[in-house]
Each structure stands twice: as structure tokens, then as C-alpha cells.
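Coordinate inspection notes
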Amino acid sequence: MFRVPWWLPALVIGSARLLWPRHSWAAVLAYHLLCLMGLRGPFNWGKVGHAWIPIMAAFAMLPLILLVPHLPFFPRDQAIDLLGRWPGGLTSWAIYSFIFNVAIEEAFWRGTFVREKPWPAYIHGAAFGTHHWVAAFLQFGWIWALPAFLLPAAAGMSWAHSVRRTGGLGVALLTHLWVDVALVLLVFGQLR
């Protein structure tokens, strides 16, 4: 519908978090609405090829995340507060992440943005990591800002490269789904 500059998602998330600090879901919905407004297709699956094999192996290993011992640095109180304010708690957050977050982010950041911006993959990764940095800083504090930028930036770089290499969103969608499932399982394991 309209061209969304790379910095606007971070600004929307930051503004929504500052306006409604106790309702993170408002920032998530505002961010996803902005991404939807910036979509321009067409979107296709692309050539997944032999990538199915390691992707399926990675999905099969997901339950091992539940074996991660309790991490002393995990922001347990902030996570409990965040999920307690999310309508429906951990379960609805997980469902929303798996169905909407993955599809909307990939369609916007890789399906629209990578196609329209001929930047190197690392620039796409940095743009993707920026809104994660803002969200983590405002929710969990400065100590989580750097990892919240670096991990999504590395993933975004990889996904931008994969979209260009395969000609579609298939690999990026599947691996992004894996990352979101892994995150939900890690949070669940740390909170039980």
C-alpha cells in the first residue's frame, strides 16, 4: 500500500511501548499492522530443494530445548509480567507468533523489502534487528538490547540471502517458524 522506511517499525514499537508501557500486545499489533500496510507482492514459495532435510531434522530436535536447565540470567519476572498482560498468556502468544508473526514479518521484511531494496544482506539483517533491539530495551532493559539486536540481525541476514538464492520465502518461513517455536519452548521451559 505504501512504502515503509526501514526505521519506521522500530519507531512504531518504541512509541507504542512508551504510550502503553503495560500493554506490549499493543506495540506488537501496531507493528504488524504497519508491516501489513507496507506489503507489496507477489510472494512465492521459491525453490526449497534439499533444504527440507536439515529443516525437518531441526524441527525434530526442538523438544530438546525443554531440557535446557534454568538459566540464572533469564529475565523471569519480566517474562511473567509480559505474558501475564498478553491476552491469553503464553498459549495465545505462541499461536499468534506461529501464525501471524512469522508470515507477516517474512512477507514484509523479506518478501517486500528484500525485493525492493538491493542492499547487501547484512544491511537487511541490521534493519530487521533494529526493531527487536528497541522492543527488548524497553521491555527487558539495556542488558538484553545487544543480543536482541545481534540474533535477529544474523537471522535476518541469513533469510535475506536465502530469499535471493531460492527466489522465494519458503526457507525463510520454515526457519523463522523454527526460531519462534524454539523461543516459545525456551520461555516455557524457563517459566515452569
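These notes cover the structure that comes with them.

Conventions and cut-offs
- As a convention, each chain's residues are numbered from 1 in the sequence order in which they are written.
- Confidence filtering applies because this is a predicted model: local features only for residues at pLDDT of at least 70, side-chain atom pairs given and counted only at 80 or more, and all residues used for totals across whole chains, interfaces and linings.
- By convention in this description, side-chain values take in all heavy atoms of the structure and omit both hydrogens and water.
- A run of H or I in DSSP counts as a helix once it spans at least four residues, and a run of E counts as a strand once it spans at least two, with each numbered from the N terminus.
- Only C-alpha atoms enter the radius of gyration, while the globule expectation follows 2.2 Å times N to the 0.38, with N the number of residues.
- Classification of residues uses two cut-offs on accessible area relative to the type maximum, computed with a 1.4 Å probe and protein chains only: under 20% is buried, over 50% is exposed, and between them is partly exposed.
- We call two residues contacting when some pair of their heavy atoms lies within 4.5 Å.
- We get accessible surface area from the Shrake-Rupley algorithm with a probe of 1.4 Å; when it comes to residues, only the shown protein chains can shield them.
- His is not counted, nor are the chain ends, whereas Lys and Arg count as positive and Asp and Glu as negative.
- For charged residues, the charge sits on one atom: NZ in Lys, CZ in Arg, CG in Asp, CD in Glu.
- The rule is short: rings of Phe, Tyr and Trp, with Trp giving its six-membered ring, pair when the centres are within 6.5 Å, and they are stacked under 30 degrees, edge-to-face over 60, tilted in between.
- Every case where a carboxyl oxygen of Asp or Glu lies within 4 Å of a side-chain nitrogen of Lys or Arg is listed as a salt bridge.
- Here the axes come from fitting lines to C-alpha atoms, over the contacting stretch only for helices, and the angles between their N-to-C directions go from 0 to 180 degrees.
- Take the far helix as your reference; a near helix turned counterclockwise from it by less than a right angle gives a left-handed crossing, and one turned clockwise gives a right-handed crossing.
- Gly falls in the polar group here, along with every residue not listed as nonpolar (Ala, Val, Leu, Ile, Met, Phe, Trp, Tyr, Cys, Pro) or charged (Asp, Glu, Lys, Arg).
- A cavity here means a set of 1 Å grid points, computed over protein atoms only, where a 1.4 Å probe fits but cannot escape. A pocket is an open set with protein on both sides within 12 Å along at least 5 of 7 lines, and lining residues have an atom within 4 Å of a point.
- Grid points are joined across faces, edges and corners, and a volume is the space filled by probe spheres set on the points.

Moving on, we come to the overall build of the chain. Tallying secondary structure elements over the chain gives eight helices and zero strands in all. Start at the N end of the chain and walk to the C end: the helices and strands fall as α-α-α-α-α-α-α-α. Since a compact globule built from 192 residues should have a radius of gyration of about 16 Å, the 16 Å found for the chain is in line with a globular shape. Projected onto its principal axes, the C-alpha positions of the chain cover 40 × 40 × 30 Å. Counting all 192 residues of the chain, 43% fall into the buried class. A separation of at least 24 residues holds for 79% of the contacts in the chain among residues at least 6 apart in sequence. By element, 76% of the accessible surface of the chain is carried by carbon and sulfur atoms, the whole surface being about 10400 Å². Within the chain, one finds 13 positive and 6 negative side-chain charges whose respective centroids are separated by 6 Å.

Turning next to the packing of aromatic side chains. Within this structure, the stated rule accounts for 11 aromatic pairs. For the ring pair Phe73 and Trp144, a centre distance of 6.3 Å and an interplane angle of 40° mean the geometry is tilted. Pair noted here: Phe73 is in the loop between helix H3 (52–60) and helix H4 (76–85) and Trp144 is in the loop between helix H6 (121–140) and helix H7 (145–166), with a separation of 71 residues, a long-range link. Classification of Trp144 as partly exposed rests on a relative accessible area of 23%.

This next bit is on the pattern of salt bridges. Counted according to the given criterion, the structure contains four salt bridges. With a shortest N-O distance of 2.4 Å, Glu116 and Arg40 are connected by a salt bridge. Highlighted residues: Glu116 in helix H5 (residues 89–116) and Arg40 in the loop between helix H2 (24–37) and H3, separated in sequence by 76 residues. Residue class for Glu116 comes out partly exposed when judged on its relative accessible area of 30%. With a closest N to O distance of 3.0 Å, Asp81 and Arg85 form a salt bridge. With a gap of four residues between them, Asp81 and Arg85 both fall in helix H4, about one helical turn apart. In this structure Asp81 comes out as partly exposed when scored by relative accessible area, which is 34%.

With an omega of 10°, the peptide bond between Gly41 and Pro42 qualifies as cis. Here Pro42 shows up in the loop between H2 and H3.

Moving on to the packing of H6 against H7. At a minimum axis distance of 6 Å, the contact between H6 and H7 shows a crossing angle of 145°. Both H6 and H7 take part in a crossing whose hand is right-handed. Residues Ala121, Tyr122, His124, Gly125, Ala126, Phe128, Gly129, Thr130, His132, Trp133, Ala136 and Phe137 of H6 pack against Ala145, Leu146, Ala148, Phe149, Pro152, Ala153, Gly156, Met157, Trp159, Ala160, His161 and Arg164 of H7. Of the residues contributing to the contact of H6 with H7, the split by class is 16 nonpolar, seven polar and one charged.

When its volume is computed, the largest pocket comes out at roughly 1500 Å³. Along the wall of the largest pocket there are 44 residues; nearest its centre are Trp93, His132, Phe140, Ala148 and Leu183. Counting residues per element, the ones that place at least two in the lining of the largest pocket are helix H1 (8–19), H2, H4, H5, H6, H7 and helix H8 (170–191). No other element matches the eight residues that H8 contributes to the lining of the largest pocket. Class assignment of the residues belonging to the lining of the largest pocket gives a composition of 33 nonpolar, eight polar and three charged. In this structure, the second largest pocket occupies an estimated 150 Å³ of space.

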